[in-house]
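Structure at a glance
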Amino acid sequence: MVKIAPSILAADSAKFGSEAALLETAGADLIHFDVMDGHFVPNLTFGPKILKDMKKHTDLMFDVHLMVCDPLRFIPWFADAGADIITFHIEAVENCREVISLIHRYGCKAGISLKPHTEVSAIAPFCDEVDLILVMSVEPGFGGQKFIESTPKKIKQIKDIIGNRPILTEVDGGINMQTAPICIDAGADILVAGTAVFANGDYRRNILALKGE
């Protein structure tokens, strides 16, 4: 069964704590945090204190996506704040193994992410070390972008590279009621969704619909 990770960036920032509690009640599986530094991507979002404060309101796993130029600097902050999964971009670092090792040393699961135009072969050398691979189905940085149609093919290619390894495949960007089943059919394990979860306020119905229930 596919898992849904609502992107808290799409929620009302004045109500993050109560929103997290509502998402848990509605059947969300994780909460996704898009952390942007204004350099790796042009947008700027939030720091670790948001996670720490939200931990008081939910038992859901915190899935942190670092869209930053220097993930080594950010990992200790977000791990200490309560991150369960920390994903970094392969395009942002020179030594992926160093970053993966640091994430694991802090007791978190390690994810690696690819921008839409990065070849899937780039992640092959690290498949024995990571716990998750995040496929960007839009250009990272802003919500509300159109889903890139070649994404399902990329998911399938990544699943082929993963083989029998216990690595989760996550998809982020443009996920809605039309694109979710396409990604599920391609083999996605986790779908990150913002607007599709929060749009009309009926979180439970939206989450179930994204899962195909």
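Definitions and cut-offs
- Residues numbered from 1 in each chain as written.
- Predicted model: local features only at pLDDT ≥ 70, side-chain atom pairs only at ≥ 80, totals over all residues.
- Heavy atoms only, no water.
- Helix = DSSP H or I, 4+ residues; strand = E, 2+ residues; numbered from the N terminus.
- Expected span 1.5 Å × (residues − 1).
- Buried < 20%, exposed > 50% of the residue type's maximum accessible area, 1.4 Å probe, protein only.
- Arc of directions from axis to C-beta.
- Contact = heavy atoms within 4.5 Å.
- Pairing = 2+ DSSP bridges.
- Axes fitted to C-alpha atoms, helices over the stretch in contact; angles between N-to-C directions.
- Right-handed = clockwise from strand over helix to strand, strands pointing away.
- Parallel < 35°, antiparallel > 145°, perpendicular 65-115°, else oblique.
- Left-handed = near helix turned anticlockwise from the far one by under 90°.
- Nonpolar A, V, L, I, M, F, W, Y, C, P; charged D, E, K, R; others polar.
- Disulfide = S-S within 2.5 Å.

1. Some remarks on helix H5 (residues 151-162)
Taking 1.5 Å of rise per residue, the 12 residues of H5 would be expected to cover 16 Å, and the 16 Å separating its terminal C-alpha atoms lies within 8% of that figure. Every buried residue of H5 is accounted for by Thr-151, Pro-152, Lys-154, Ile-155, Ile-158 and Ile-162. Seen from one end, H5 has its buried residues packed into an arc of 155°, which puts them on one side. Facing away from the buried side of H5, by more than 90 degrees, are the exposed residues Lys-153 and Asp-160. Contacts made by the buried residues of H5 are with strand E5 (109-114), strand E6 (132-136), strand E7 (168-172) and helix H6 (179-186). Where H5 terminates, the next one or two residues include Gly-163, which has phi positive at roughly 65°.

2. Quick notes on the sheet that holds strand E8 (residues 190-193)
Pairing is parallel across the open sheet formed by 8 strands, whose spatial order is E1-E8-E7-E6-E5-E4-E3-E2. Of all strands in the sheet, those bounded by a partner on one side alone are strand E1 (3-6) and strand E2 (30-36). Within this sheet the neighbouring strands show an average axis-to-axis angle of 25°, counted without direction.

3. Concerning the pairing of strand E3 (residues 61-67)
With 6 of 7 residues buried, E3 lies mostly within the body of the structure. Pairing analysis gives 7 bridges linking E2 to E3, with the strands arranged parallel. Its bridge partner lying in E3, Leu-30 is registered against Met-61. Following the backbone out of E2, through helix H2 (residues 48-54) and into the adjacent parallel E3, one traces a crossover that is right-handed. With 4 bridges joining them, E3 and strand E4 (residues 85-89) adopt parallel strand pairing. When the sheet's bridge partners are listed, Val-64 is paired in E4 with Ile-86. Regarding topology, helix H3 (residues 71-81) serves as the crossover connection from E3 to the parallel E4, and that connection is right-handed.

4. A few points about the packing of helix H1 (residues 16-26) against helix H8 (residues 203-211)
How two helices sit against one another is set out by the angle between their axes and by the gap between those axes. Contact geometry for H1 and H8: axes closest at 8 Å, N-to-C directions at 50°. Classified by the angle between their axes, H1 and H8 sit oblique to one another. Crossing of H1 against H8: the hand is right-handed. Across the interface between the two elements, Glu-19, Leu-22, Leu-23, Thr-25 and Ala-26 of H1 pack against Tyr-203, Arg-204 and Ile-207 of H8. Each residue belonging to the contact of H1 with H8 can be placed in one class, and the counts come to 5 nonpolar, 1 polar and 2 charged.

5. Some remarks on the environment of Glu-139
By the secondary structure assignment, Glu-139 is in the loop between E6 and H5. Separated by 28 residues in sequence, Glu-139 and Gly-111 have C-alpha atoms that sit 18 Å apart. Not counting residues up to four positions away in its chain, the partners in contact with Glu-139 are Pro-116, His-117 and Gln-145.

6. What to know about the side chain of Thr-118
Examined against the element boundaries, Thr-118 turns out to sit in the loop between E5 and E6. Taking relative accessible area as the criterion, Thr-118 reaches 18% and is therefore assigned buried. Each residue touching Thr-118, except ones within four places of it in the same chain, is listed here: Ile-90, Glu-91 and Lys-154.

7. What to know about the environment of Ala-180
Inspection of the secondary structure assignment puts Ala-180 in helix H6. What makes Ala-180 buried here is its relative accessible area of 0%. Excluding anything up to four places from it in sequence, Ala-180 contacts Ile-175, Leu-191 and Leu-210.

8. So, the state of the cysteines
If you walk through the whole model with that rule in mind, you get 0 disulfides. Unpaired in this structure, Cys-96 has its nearest cysteine sulfur neighbour in Cys-127, at a distance of 11 Å. This cysteine, Cys-183, is not joined by any disulfide, and Cys-127 carries the nearest cysteine sulfur, 19 Å off.

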